[in-house]
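The residues making up each chain are set out below.
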Amino acid sequence: MNLLKNKIPNKLKILNDPIYGFIQIPNTLIFDIIEHPYFQRLRRITQMGFSNLVYPGANHTRFHHAIGCMHLMQKAVNVLRLKQVVISKEEETALYVAILLHDIGHGAFSHALEHSIVSGISHEEISLKFMQKLNAEFDGQLSLAIQIFEGNYSRKFMCQLISSQLDVDRLDYLKRDSFYTGVTEGNISSDRLIAMMNVKDDALVIEEKGIYSVEKFLMARRLMYWQVYLHKTGLVAENMLVNVLKRAKQLAEQGKDLYASTALKYFLYNPISKVNFNEETLRKFSILDDYDILSAIKEWMHHEDKVLSTLSKMIIDRKLLRIEIQEDVFTDLQIETRIKKAMKKLDVSENEAQFFVFSKKIVNQAYQQDKPIFIRNKKGQLKDIAKASDQLNIQALTNPVVKHFICYPK
């Protein structure tokens, strides 16, 4: 019996991923971080918000994505070491921790919270707060990871592996989102891209042989944005969710009673911004997930407030607003006309109608030349992919494409 009590748990587990196969947890620190409630919360946050209203298979979570990123980072470390890039054991673990926790600050339904019930603080800043809290719990073992995550580490290429135009995060989410949505245009060769990575003058570069893989990666990113991330139905659903939460926050400020979980109540009934985002806020945020939001919306369908109940019902029943997308800005007259129609149709005031009629813009820029992806030729010279590529459309991808949309009741 005593032997069983003293048995040391095996922390070098293997996870089975539908995309990469077996993923190994590299050390006990990583295992303990994955086991932490902060990280387990990512199992309850979908990677793609309401995209499953368009692509029914898109139900994968931030947890899947973070584990996948860690796996690709392991591959990147191995490839760079084979090419005589010195990476210490401490730096290796820091890279795994930084990529594992890069999205830990995402709120329920990913970006919707940032634009509604929490203001002035981005998910990156919340990620940093989580990392600092975990660092205190793990006796400073995350200090180097935090430095790399913030982009402050002296070895620039390590920061680029976490955040750049060809980082490990993008390599995983494009491939993963493509797999779960079934949109094959996003199916990039992450293995090939990682195999072509190298370091020159402390910066991350891609060897010349990998140029076509980079071209495909940039094209895939552009197509995934139009077909998936900026899909018109997804845009409508996400903006409607933002408006539901804004309306709920408005009612809470007026002292109206709203059904909500303890965590959600905290964010509805307290003004939350960068200034007062303290330890208690972080603790509450760490127990807030998609389930809190969905269960609240299901109840709000029966609320006496017409705006809240109508929008909630529309989301739950997938009877969404109509959307029109065009290159020109919608005029004030076009918007006003839609607002008047909505007031009449829904029997709401002008102020209330603006929750159902709104116009915004979307931007798709697949490649930003101010943060170039460098191709290294056999002589060791570096060239920006936009100039190195013989494909004219890579140069075209540097121009941001702006479109405008208007949503209104059918």
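As the structure is a computational prediction, the values presented were derived from the model and not from experiment. (Residues numbered from 1 in each chain as written. Predicted model: local features only at pLDDT ≥ 70, side-chain atom pairs only at ≥ 80, totals over all residues. Heavy atoms only, no water.)

Visitor: How would you explain the sheet that holds strand β5 (residues 322-326) if you had to name every residue and give the values?
Guide: The sheet built from three strands is open, its strands ordered β5-β9-β6 with antiparallel pairing. Each edge of the sheet is formed by a strand with only one pairing partner; in this case those strands are β5 and β6 (358-364). Taken pair by pair, the neighbouring strands of this sheet meet at an average axis angle of 25°, ignoring direction. For β6 and strand β9 (residues 401-408), the ladder comprises seven bridges, and the chain directions are antiparallel. Bridge assignment links V363 to a residue of β9, and that residue is V402. Contacts between helix α11 (residues 211-229) and the sheet are confined to β6 and β9, with β6 contributing the most and set at about 165° to the helix. Against the sheet, helix α17 (residues 332-346) touches β5, β6 and β9, its axis set at about 25° to β9. (Pairing = 2+ DSSP bridges. Helix = DSSP H or I, 4+ residues; strand = E, 2+ residues; numbered from the N terminus. Axes fitted to C-alpha atoms, helices over the stretch in contact; angles between N-to-C directions. Contact = heavy atoms within 4.5 Å.)

Visitor: Tell me about empty space enclosed by the protein, residues and numbers included.
Guide: Counted according to the given criterion, the structure contains one cavity of 30 Å³ or more. Empty space within the largest cavity amounts to approximately 50 Å³. Together, G105, G107, S110, L113, E114, V118, I121, H123, I126 and F285 line the largest cavity. The residue makeup of the lining of the largest cavity, split by class, is five nonpolar, four polar and one charged. (1 Å grid on protein atoms, 1.4 Å probe; cavity = no way out; pocket = protein on both sides within 12 Å on 5 of 7 lines; lining within 4 Å. Points joined across faces, edges and corners; volume = space filled by probe spheres on them. Nonpolar A, V, L, I, M, F, W, Y, C, P; charged D, E, K, R; others polar.)

Visitor: Report on α11, specifying residues and quantitative values.
Guide: Compared with the 27 Å implied by 1.5 Å per residue over 19 residues, the 25 Å span of α11 between its first and last C-alpha is a close match. By the burial criterion, the buried members of α11 are I211, S213, V214, E215, F217, L218, A220, R221, M224 and V228. (Expected span 1.5 Å × (residues − 1). Buried < 20%, exposed > 50% of the residue type's maximum accessible area, 1.4 Å probe, protein only.)

Visitor: Outline the side chain of D290, listing residues and values.
Guide: Tracing the chain through its elements places D290 in helix α15 (residues 290-300). One buried charged side chain, D290, makes no salt bridge at all; its nearest oppositely charged neighbour is R41, positioned 7.6 Å away. (Lys, Arg positive; Asp, Glu negative; His and termini not counted. Salt bridge = Lys/Arg side-chain N within 4 Å of Asp/Glu carboxyl O.)

Visitor: Mind laying out unusual backbone geometry, listing which residues take part and the relevant values?
Guide: One non-glycine residue, Q84, lies in positive phi territory at about 65°. Along the polypeptide, Q84 turns up in the loop between α4 (62-82) and α5 (89-100). By relative accessible area, which is 66% here, Q84 ends up exposed. Phi is positive for D139, which is not a glycine, with a value near 50°. By relative accessible area, D139 is classed as exposed at 69%.

Visitor: Account for the environment of F330, with residues named and values stated.
Guide: Relative to the helices and strands, F330 resides in the loop between β5 and α17. Residues F330 and F405, 75 residues apart in the sequence, show an inter-C-alpha distance of 7.6 Å.

Visitor: Give a description of the nonpolar core that names residues and reports values.
Guide: Residues F39, L161 and W300 are the most contacted members of the largest nonpolar core, which totals 146 residues. Contacts of L161, omitting those with residues within four sequence positions, involve M73, A76, L80, L95, I99, D167, V168, M197 and L204. (Core = buried A, V, L, I, M, F, W, Y, C linked by side-chain atoms within 4.5 Å.)

Visitor: Mind laying out the sheet that holds strand β4 (residues 203-207), listing which residues take part and the relevant values?
Guide: Within the open sheet, the four strands sit side by side as β3-β4-β7-β8. Their pairing is mixed. Edge strands, defined here as strands with exactly one partner in the open sheet, are β3 (197-200) and β8 (382-384). Here the strands of the sheet are splayed against their neighbours by 45° on average, with no regard to which way each runs. Relative to strand β7 (residues 374-376), β4 runs parallel, the two sharing three bridges. Residue pairing across strands places E207 opposite R376, the latter belonging to β7.

Visitor: Could you give me a rundown of the pattern of salt bridges, with the residues and numbers involved?
Guide: On inspection of all chains with the given rule, the structure shows 16 salt bridges. A salt bridge links R62 to D103, with the nearest nitrogen and oxygen atoms 2.8 Å apart. Remark: D103 occurs in the loop between α5 and α6 (123-137) and R62 occurs in helix α4; sequence separation between them is 41 residues. Since its relative accessible area comes to 6%, R62 is described here as buried. We note a salt bridge from E91 to R155, for which the minimum N-O separation is 3.0 Å.

Visitor: Which residues make up the packing of aromatic side chains, and what values do they have?
Guide: Using the criterion set out here, one finds ten aromatic pairs in the structure. Ring geometry for F130 and F285: centres 6.2 Å apart, planes at 50°, overall tilted. In this pair, F130 sits in helix α6 while F285 sits in helix α14 (residues 279-285), placing the two residues 155 residues apart along the sequence. Across the pair, F285 and F130 agree in class, each one buried. Here the aromatic residues Y38, F130, Y266, F267, F277 and F285 are joined through ring pairs into a cluster of three or more. (Phe/Tyr/Trp six-rings, centres within 6.5 Å; stacked < 30°, edge-to-face > 60°.)

Visitor: Help me get a handle on the packing of helix α12 (residues 232-253) against α15, residues and values and all.
Guide: Packing of α12 against α15 leaves a shortest axis separation of 12 Å and a crossing angle of 70°. Classified by the interaxial angle, the pair formed by α12 and α15 is roughly perpendicular. Along its contact with α12, which presents L241, V244, L245 and A248, the element α15 presents I293, I297 and W300. By residue class, the composition of the contact of α12 with α15 is seven nonpolar, no polar and no charged. (Parallel < 35°, antiparallel > 145°, perpendicular 65-115°, else oblique.)

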